[in-house]
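Observations on the model geometry
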Amino acid sequence: MFKMLKEDIEVVFDQDPAARSYLEVILTYSGLHAVWAHRIAHAFYKRKFYFIARLISQISRFFTGIEIHPGAKIGRRFFIDHGMGVVIGETCEIGDNVTVYQGVTLGGTGKEKGKRHPTIKDNVLIATGAKVLGSITIGENSKIGAGSVVLHDVPENSTVVGIPGRVVVRNGVKVQKDLNHRDLPDPIADRFKELEGEIKRLKEELEKIKEKEIVQ
């Protein structure tokens, strides 16, 4: 346990260049506090002290703004940067060396029973505001872009962006070659374009009908 707690501190220095001293990290990093509180809560949860586990998690949420269900399984060197608004569900499983940023949700999609939250494999990075929902798996060494909504499995060594999330890079090769950082997939804009095309087509048909009436 103490080795794991030490690793939780060390990963802060590895991931955050703003970290200056052990004292600063231990006293001021809410992400670290939330992870430590979870490790204690999870220990109670495994021993079926559910009320105490839940109480610890809610106290941690009050002080850190990070909600981690005590049933979630979290591996070593888990780093939450900034952290405010992070939510991690009960049946979520997180591997080693995973980093998440503020506003990330690892949640369910409804009222399913059993395994209903994501499985995050080793060395995954989930950027600000991303939502990973349902009993899906995010493969090793993958990256989830800021603001993405991921509803399906992601292969290992992949980069996912957009709403809904789609793989744009896999094994270092671009899957969607014409994509740049300004042009993330936007299903709402795509739908508007479809509607504009439909309106244009209807106008053209209406003009043809008017021309036939004039000729007659």
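Look above for the structure.
Now for a look at the structure at hand. (Residues numbered from 1 in each chain as written. Predicted model: local features only at pLDDT ≥ 70, side-chain atom pairs only at ≥ 80, totals over all residues. Heavy atoms only, no water.)

1. Thoughts on the pattern of salt bridges
A side chain of one charge can pair with a side chain of the opposite charge when the charged atoms of the two come close. Inclusion rule: Salt-bridge detection follows one rule: a side-chain nitrogen of Lys or Arg within 4 Å of a carboxyl oxygen of Asp or Glu. Runs of H or I in DSSP of at least four residues are treated as helices and runs of E of at least two as strands, each being numbered from the N terminus. Three labels apply to residues, based on accessible area from a 1.4 Å probe with only protein chains included: buried if under 20% of the type maximum, exposed if over 50%, partly exposed otherwise in between.
Under the defined criterion, the tally for this structure stands at 7 salt bridges. With a shortest N-O distance of 2.3 Å, glutamate 7 and arginine 76 are connected by a salt bridge. Highlighted residues: glutamate 7 in helix H1 (residues 2–15) and arginine 76 in the loop between strand E2 (73–74) and strand E3 (79–80), separated in sequence by 69 residues. Of the residues examined, glutamate 7 reaches a relative accessible area of 9% and is grouped as buried. With a relative accessible area of 36%, arginine 76 lands in the partly exposed category. The shortest N-O distance in the salt bridge between glutamate 205 and arginine 201 comes to 2.5 Å. Here arginine 201 and glutamate 205 lie together in helix H5 (residues 187–215), a separation of 4 residues that amounts to about one turn. With relative accessibility at 37%, the residue arginine 201 sits in the partly exposed group.

2. Quick look at the packing of helix H3 (residues 30–46) against helix H4 (residues 50–64)
Worth spelling out the cut-off: Axis definition: a line fit to C-alpha positions, over the contact stretch in the case of helices; interaxial angles, taken between N-to-C directions, run 0 to 180 degrees. Put simply, angles under 35 degrees are roughly parallel, angles over 145 are roughly antiparallel, angles from 65 to 115 are roughly perpendicular, and the rest are oblique. Two residues qualify as a contact provided that any one of their heavy atoms is within 4.5 Å of a heavy atom in the partner residue. Under this grouping Gly is polar, as are all residues other than the nonpolar Ala, Val, Leu, Ile, Met, Phe, Trp, Tyr, Cys and Pro and the charged Asp, Glu, Lys and Arg.
Between H3 and H4, whose axes approach to 8 Å, the crossing angle comes to 175°. Of the possible angle classes, the one that applies to H3 and H4 is roughly antiparallel. When H3 is examined against H4, the residues Ser30, His33, Ala34, Ala37, Ile40, Ala41, Phe44 and Tyr45 are found in contact with a partner set consisting of Tyr50, Ile52, Ala53, Ile56, Ser57, Ser60 and Thr64. Within the contact of H3 with H4, the residues separate by chemical class into 10 nonpolar, 5 polar and no charged.

3. Some words on the packing of H1 against H3
Stated formally: For a crossing to be left-handed, the near helix must be turned anticlockwise from the far one by less than a right angle; the clockwise case is right-handed.
Running from N to C, H1 and H3 point in directions that differ by 160°, and their axes come no closer than 10 Å. As summarised for this structure, H1 and H3 are arranged roughly antiparallel, according to the angle between their axes. Note on packing geometry: the crossing formed by H1 with H3 is right-handed. Counting all contacts with H1, which are made through Met4, Leu5, Asp8 and Ile9, the residues of H3 involved are Leu32, Val35, Trp36 and Arg39. A breakdown of the residues in the contact of H1 with H3 according to their chemical character gives 6 nonpolar, no polar and 2 charged.

4. Structural notes on the environment of glutamate 93
Mapped onto the fold, glutamate 93 is located in strand E5 (residues 93–94). Residue class for glutamate 93 comes out partly exposed when judged on its relative accessible area of 31%. Each C-alpha atom, one on glutamate 93 and one on glycine 75, is 8.2 Å from the other, the two residues being 18 residues apart in sequence. Not counting residues within four places of it along the chain, the set of residues in contact with glutamate 93 comprises Lys73, Lys115, Pro118, Thr119 and Ile120.

5. Considerations on the packing of aromatic side chains
As a reminder of what qualifies: Stacked, tilted and edge-to-face are the three classes applied to pairs of Phe, Tyr and Trp rings, where Trp contributes its six-membered ring and a pair requires centres within 6.5 Å; stacked means planes under 30 degrees apart, edge-to-face means over 60, and tilted covers the rest.
Counted under the stated rule, the structure contains 4 aromatic pairs. With a centroid separation of 6.2 Å and 80° between ring planes, the pair formed by phenylalanine 44 and phenylalanine 49 is classed as edge-to-face. When its relative accessible area of 30% is taken as the criterion, phenylalanine 44 is described as partly exposed. Of the residues examined, phenylalanine 49 reaches a relative accessible area of 43% and is grouped as partly exposed. An angle of 90° between the planes, with centres 5.2 Å apart, marks the rings of phenylalanine 62 and phenylalanine 63 as edge-to-face. According to the relative accessible area criterion, phenylalanine 63 is exposed, its value standing at 65%.

6. Concerning the side chain of threonine 119
Structurally, the position occupied by threonine 119 is in strand E8 (residues 119–120). Sequence-distant contacts of threonine 119, that is, excluding residues within four places in its chain, are made with Glu93, Ile136, Thr137 and Ile138.

7. Overview of the environment of glycine 172
As for its placement among the helices and strands, glycine 172 is situated in the loop between strand E15 (166–170) and strand E16 (173–174). Relative accessible area serves as the criterion here: at 71%, glycine 172 is assigned to the exposed category. C-alpha of glycine 172 to C-alpha of aspartate 96: the two residues are 76 residues apart in sequence and 22 Å apart in space.

8. Digging into the pairing of strand E14 (residues 158–161)
Selection rule: In this scheme, strands are said to pair when DSSP sees at least two bridges between them.
For strand E12 (residues 143–144) and E14, the ladder comprises 2 bridges, and the chain directions are parallel. Counted as the bridge partner of isoleucine 144 is valine 160 from E14. Taken together, the 4 bridges between E14 and E15 define a ladder with antiparallel strand orientation. When the bridges of E15 are listed, threonine 159 appears paired with valine 169.

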